[in-house]
Structures are given as structure tokens and as C-alpha cells.
Amino acid sequence: MKMTGAQILCESLVREGVEVVFGFPGGAVLPLYDTLPQYPQLRHILVRHEQGAAHAADGYARVTGKVGVCFATSGPGATNLVTGIANAHLDSIPMVAITGQVARQYIGKDGFQEVDIIGITVPITKHNSMVYKADDLAKAVKEAFHIARTGRPGPVLIDIPKDVFEEQANFNYPAQVNLTGYHPVMEADPLQLEKAAKLINEAKRPVIIAGHGVIISGAYKDLRELAEKSQIPVVNTLLGIGCFPESHVLSFGMLGMHGMAYANMAVDASDLIIAIGMRFDDRATSNVSGFARGAYVIHIDIDPAEIGKNLKVTVPVVGDAQAVLEELNKKVESQSRIDWVQQIEQWRQLYPTTRVRETEDLLPQYVIRQIYEVTEGKATIVTGVGQHQMWSAHHYWYDKPNSFVSSGGLGTMGFELPAAIGAKVGLPDDIVWAICGDGGFQMTIQELGTMVQDNIGVKIAIMNNGYLGMVRQWQELFYKGRYVATPLSNPDFIKVAEAYGIPAVRVESKMEVIPAIKTAIDTPGPFLIDFRIEPEENVYPMVAPGTNIGEIIKDPKCDDIALPGKQRL
Ligand SMILES: Cc1ncc(C[n+]2csc(CCOP(=O)(O)OP(=O)(O)O)c2C)c(N)n1
């Protein structure tokens, strides 16, 4: 049956199970937009900026495990996607970005709105291609989804010239994908597994570092089995939050630059690191030569390119975390490591990082605690990048995967609002909170319009400190308090929200916190709270950049424990 390229694209998306697309139209994609009404099963959400489309597709993909899809037009539309694509690339998020291109006859002529988006996105996509004939479109879409979601997931871009959308071709959706050279290894080499099991069985002070790969591969049960069977403490990366219940007795929280002191101390004192689906990012390891100096390292990762990239590894295990752990668990012996676990537990008691200072000031840590209490820990928390991100990681406790959505690898300010839109669209029945910095919020503030137009009920908490807080903190600690370009004058966020038609309140004292959170949840649709938090509050503990992970800077102001520590199972 003959169809236009645009129809072939839509039909192919339907075949891939796509239900929602985030996008923004323009001349080069007009034939596609003109075809969309024929496909009511494809819900299109009009964002206000293409960066928002990519982040929303990213947030949607994280919480649903499906491939996120975004559309943009040629030239500036396509380049506006770049930050969002790079973000997805660094965090291994399955995404298909579809960009319009100028018509074939104009390609290479620097005509109106032409840009070489293929060239631009080569380093930030898992794969990209221009489809030059409508005949090739179905195959290109099939391959794009396959590549995006298999192996180590990532973004794939398809660039389609305007006249290819209009060209007629036969529609045959391929049943299978056959890509020479692309065969992600799922099952680990049995010999390597044998070696890994031997190291684990012999270790006295092993630590598991669980990363995003555990969440992506759905290896939670297998991870838990490994930890419980052989009594190994588990720490996690920022993106690994939620892959192991934080209330579990063997969970010792996040490691790294703003990790828990006891998590870093455990890694520092360990004799074996079992790294699962994590890539030894410098925010996790700090000075890599001072990282876990007395430990052997087992590195389990689906991407062979990650192994040995940042850290020398004793036993590399290439494979899908779930498949690997399932096999490894058969070879690992049950044993008690009670002394080691108790040692870390003691450190946890000595250096509890979940402290909130006793004060009447409005502390961000207190606000996040209250969001946790009111939502009973059941909300999906989406953050931007900065201090509020770390406070959200520290003071909300996550027991289920994907309940913490954040930009890890690229560290993209402005991620919070659009990613929360994507998360809420993916989980319409869940409570989704966007915890924003006042700086990051203004980077994608226009997406309030998207929320209103599509009635996407994200609850927004701005941690308004009047600074680019995390950078100010670095200036305070490492640049003698010279606050260059970090004080931030803000608009009246309440008026901004109201101008968009979003109800909003301002909170300036502790006693207003809980009522405001409850009102936000009880009010249908989006709601914004402007929390005027203590302007110069810092995130602790901290490992200064370039120092060793065991060299921890503790909060100089925090002596008392005003709120109870988290409950253990
Ligand atoms: C797009 C982008 N530009 C710059 C930075 C550098 N940066 C990291 S954190 C930060 C400050 C964030 O300020 P805000 O959003 O207000 O959050 P806060 O740290 O105050 O919680 C900046 C500028 C970044 N991560 N992303």
C-alpha cells in the first residue's frame, strides 16, 4: 500500500508502541504535523522550546522504561534539541529524536534553516542517520528503536528531509532488525563470572556500588539477593538511587562528592568493590588514584567501552546486569559479614548525613523532609542540578527504582521542569514533584505553558535561595567567598505562575511548609510553591574536587539531630 513518508513514519511509531510524542513544529516538519491528526493514538504534546521536548521525552523514558520520542524542525529546532540529547546520551536514556531537514535539493546549500544535525549530534547519539528516501523510512525507524532500547540504551536521531515526508512509498514494516556489528553482549563470560565469584567469596570487606545500570536492566531482585546472601553493604551512585531500598539494613546510601560520609568511608576501607552498571564518574570517585586503594575491583557493565576507562579493574564482566547477577548469585556463597556491616553502621551513627539543624530558619533540607513525610515517600521526585538536587537525594528516601529522576552525567540545569512533565505524562496517576533551583527553573520556565495547555499536574517546589547556589557554595569554599555572577535576581514566581494560570503560594516560614505541600497535592493540576529558603545554606558532606574520597568535609554548623534518622527494615 502506498503511503506518504509522513504516514509511514507515524504508522511505524504506532508499531513501536509509541503513545506520546513531545515536539515543536516548523516548516521542515509541517508535512508530518499535517499527518498527525490521522493518528489519534499518537498524543502530541506541544512544548515551548525544543530542549523541553528532549528533556520531557527523557523523563518519560526514565519512569516508564519505554523509548521517549521527540520531534523538532530543521535548523534551530534541531539544535535546540542538542542539550537534551546529550543529557540522554550521558545518562543512557532510550530516546528517538526525529528532526525535519530542508528538502533534498537544498541540502548542503546553507539554505533557510539548514543545519548539519547529523554532524552535530555524532558524539552525543548512540546512532544517527538521515533518511534519503521514503522507501527507507520504516526500516530506519525500526532500527532506531532497536538501537535506542537494547544494550546500553541511548538516544538515536533520524533526520528527514521535508520532501521525503511528502514522497510516496510502499509501507512494509520489517519484522526484524539485522544490523551487522551491533550485537550487545547480554550474558557474561562464565570464566569471568567464576573469577568474580571467587573474589567475592574470599573478600572480607566487600562493597557493592550500584549504578543506573541496575535500574535500566531491572536487576533489583538479583541485586538484593546478592547483597543479602553474602551480606555485602550496598552504596549507590546518584543515578542508582532507588535501585536498592534505602531503608534496607544493608543500604548505606550514595557515595561520591556529596555522598554519605559512611558510604565513602566504606569504599575507602573496602578490600573488594563490586561495581554494577556504573561508570566510575569523577563525581562518584573523586580523585581516581585515591579511590578504594586497598580493593580489588569487579566491574559489571553492558558496555565494554566503560571497563577500564576510568579505573583499573581486576575482573571485568561484560553483560546485562540482571543476567550477570542471576548467574553470579548461583556461584556466590552465603556468608555472614556481620563485623564489617556493623563497622559501617557505626560510622553511620557517628556521621549521620540526614541531619537537619535545629533552627527557625527555613532550611531546604527541612522542606524536602516534609515533602517526604506528606507524600509518604511515594512521589516521583524530579530535580534540576545544584544544591537542591543533592538535598533531594539526601533528604527524601527512595525505596523504589525511578522515583528519583535527575540529570547525572551532563548535570543539566533546567532539566527539572520538562523532565517532570515527561514523568507525569508517563505516570499520570502518580504524584510528581519537580524540585527546582531558582536558577534552573528560569532556564526552562516557559514549560509552565506546556503544563497548562495539556493540564499536566506537576507539583513544583522552587528552592529559592536567590543564588546559583551550588556555584556560590564552591565560591564560598574554594574562591574565598568571592560571589562573582552567582547572586540571582528573580521575578515574582507567584505572579509568573499565575500569569500562566497556575495556582501558587509563597512559603517563608517553617509552619507554612506542610499546609502548602498539602494544598499543592489537593489542588488538581499543576501547582507552584516558592520556598524562600536560607540563602547561604550549603550541601554537606562534601569531598572537595581532586581530593580523595575518604577526605570528607562535614557540616561545620550541624551538631544536633533535629529529625529522626530513616527507618530500617
Ligand atoms: C546549563 C547549565 N549551566 C551551568 C551549570 C553550572 N551549574 C551547576 S549548579 C549551578 C547553580 C544552580 O543554581 P540553581 O538552579 O538556583 O540551584 P541551587 O544550586 O541554588 O539549588 C550552576 C550554574 C549547569 N550545571 N548547567
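Residues numbered from 1 in each chain as written. Predicted model: local features only at pLDDT ≥ 70, side-chain atom pairs only at ≥ 80, totals over all residues. Heavy atoms only, no water.

A. Representation of the nonpolar core in the model. Formed by 63 residues in total, the largest nonpolar core has its most connected members in Ile-208, Ile-276 and Ile-298. With six residues, the single largest contributor to this core is helix α12 (residues 261-269). For Ile-276, the residues in contact, after removing those within four places along its chain, are Ile-208, Ile-209, Ala-210, Gly-211, Val-214, Leu-223, Leu-226, Ile-300, Ala-321 and Leu-325. Membership of the second largest hydrophobic core comes to 54 residues, among which are Ala-78, Leu-81, Ala-88 and Val-115. (Core = buried A, V, L, I, M, F, W, Y, C linked by side-chain atoms within 4.5 Å. Buried < 20%, exposed > 50% of the residue type's maximum accessible area, 1.4 Å probe, protein only. Helix = DSSP H or I, 4+ residues; strand = E, 2+ residues; numbered from the N terminus. Contact = heavy atoms within 4.5 Å.)

B. Molecular detail of the sheet that holds strand β13 (residues 296-301). With parallel pairing, six strands are arranged side by side in an open sheet as β11-β10-β9-β12-β13-β14. Of all strands in the sheet, those with a lone pairing partner are β11 (251-254) and β14 (315-318), marking the two edges. Strand after strand, the sheet turns through a mean of 15° between neighbouring axes, direction not considered. Of the pairings in the sheet, the one linking strand β9 (residues 206-210) to strand β10 (residues 234-236) comprises three bridges and is parallel in character. (Pairing = 2+ DSSP bridges. Axes fitted to C-alpha atoms, helices over the stretch in contact; angles between N-to-C directions.)

C. Focus on the site of the ligand. The environment of the ligand is made up of 17 residues, and the closest members are Gln-387, Gly-411, Asp-438, Gly-439 and Gly-440. Measuring from an oxygen atom of the ligand, one finds a backbone N or O atom of Gly-440 at 2.7 Å. Gly-469 places a main-chain nitrogen or oxygen 2.9 Å from an oxygen atom of the ligand. Coverage of the ligand by the protein chains reaches 77% of its 590 Å² of free accessible surface. (Near = heavy atom within 4 Å. Polar contact = N/O pair within 3.5 Å; in protein donor to acceptor, adjacent residues only side chain to side chain. Areas by Shrake-Rupley, 256 points an atom, 1.4 Å probe, with all protein chains shown as cover.)

D. Region of interest: the side chain of Gln-370. Examined against the element boundaries, Gln-370 turns out to sit in helix α16 (residues 364-375). Contact partners of Gln-370, with chain neighbours within four places excluded, come to Val-513, Ile-514 and Ile-517.

E. Summary view of the packing of helix α9 (residues 190-202) against helix α14 (residues 321-331). It is the contact of α9 with α14, at a shortest axis distance of 9 Å, that shows an interaxial angle of 55°. It follows from the interaxial angle that α9 and α14 lie oblique. Helix-helix and strand crossings are classified by hand; for α9 and α14 the assignment is right-handed. In this structure, α9 uses Leu-193, Glu-194, Ala-196, Ala-197, Ile-200 and Asn-201 to contact α14, whose residues at the interface are Val-324, Glu-327, Leu-328 and Lys-331. (Parallel < 35°, antiparallel > 145°, perpendicular 65-115°, else oblique. Left-handed = near helix turned anticlockwise from the far one by under 90°.)

F. Spatial organisation of a nonpolar patch on the surface. Among the surface-exposed residues, Phe-478, Tyr-479 and Ile-553 lie close enough to one another that they form a single nonpolar patch of about 260 Å² accessible area. On the accessibility criterion, Tyr-479 (47% relative accessible area) is partly exposed. (Patch = residues over 30% accessible without salt bridge, like charges linked within 9 Å, V, L, I, M, F, W, Y side chains within 5 Å. Salt bridge = Lys/Arg side-chain N within 4 Å of Asp/Glu carboxyl O.)

G. Inspection of the pattern of salt bridges at higher detail. This structure, assessed with the given rule, holds 27 salt bridges. The residue Glu-537 makes a salt bridge to Arg-357 at a minimum N-O spacing of 3.0 Å. Pair noted here: Glu-537 is in the segment after β20 (527-532) and Arg-357 is in the loop between α15 (338-350) and α16, with a separation of 180 residues, a long-range link. When sorted by exposure, Glu-537 lands in the same class as Arg-357, which is buried. The salt bridge partner of Asp-530 is Arg-506, with a shortest N-O separation of 3.3 Å. A residue pair is termed long-range when its members are at least 10 positions apart, and Asp-530 in strand β20 and Arg-506 in strand β19 (residues 504-507) qualify at 24 residues.

H. Highlighting the sheet that holds strand β7 (residues 155-161). Across the sheet, six strands lie side by side as β3-β2-β4-β5-β7-β6; this open sheet has parallel pairing. In the strand order of this sheet, the two ends are held by β3 (43-46) and β6 (127-130), each with one partner. With direction set aside, neighbouring strand axes in the sheet form an average angle of 20°. Where β6 meets β7, four bridges bridge the pair, whose relative direction is parallel. From the neighbouring strand, Met-130 faces β7, where its bridge partner is Asp-159.

I. Structural detail: the side chain of His-299. Counting through the fold element by element, His-299 comes out in strand β13. The class of His-299 is buried, set by a relative accessible area of 0%. With near-sequence residues (within four places) excluded, His-299 lies in contact with Ala-275, Met-278, Phe-280, Glu-306, Ile-307, Val-313, Val-315, Pro-316 and Val-317.

J. The environment of Tyr-39, seen in detail. Mapped onto the fold, Tyr-39 is located in the loop between α2 (30-35) and β3. Taking relative accessible area as the criterion, Tyr-39 reaches 8% and is therefore assigned buried. Note: C-alpha distance between Tyr-39 and Val-505 (466 residues apart in sequence) is 40 Å. A distance of 3.3 Å separates a polar atom in the side chain of Tyr-39 from a polar atom in the side chain of Glu-11.

K. How the structure looks around the packing of aromatic side chains. Following the criterion strictly, the structure yields 13 aromatic pairs and no others. Ring centres of Tyr-396 and Tyr-398 lie 5.1 Å apart, and the angle between their planes is 40°; this geometry places the pair in the tilted category. Relative to Phe-478, the ring of Trp-474 lies with its centre 5.7 Å away and its plane at 85°, an arrangement referred to as edge-to-face. Note that Trp-474 and Phe-478 are positioned in helix α21 (residues 469-478) at a spacing of four residues, about one turn of the helix. Classification of Phe-478 as partly exposed rests on a relative accessible area of 32%. Grouping aromatic residues by their ring pairs yields a cluster made of Tyr-372, Tyr-396, Trp-397, Tyr-398 and Phe-404. Stacked on the ring of Tyr-366, the Lys or Arg Lys-510 has its end atom at 4.9 Å from the ring centre. (Phe/Tyr/Trp six-rings, centres within 6.5 Å; stacked < 30°, edge-to-face > 60°. Lys NZ or Arg CZ within 6 Å of the ring centre and 35° of its normal.)

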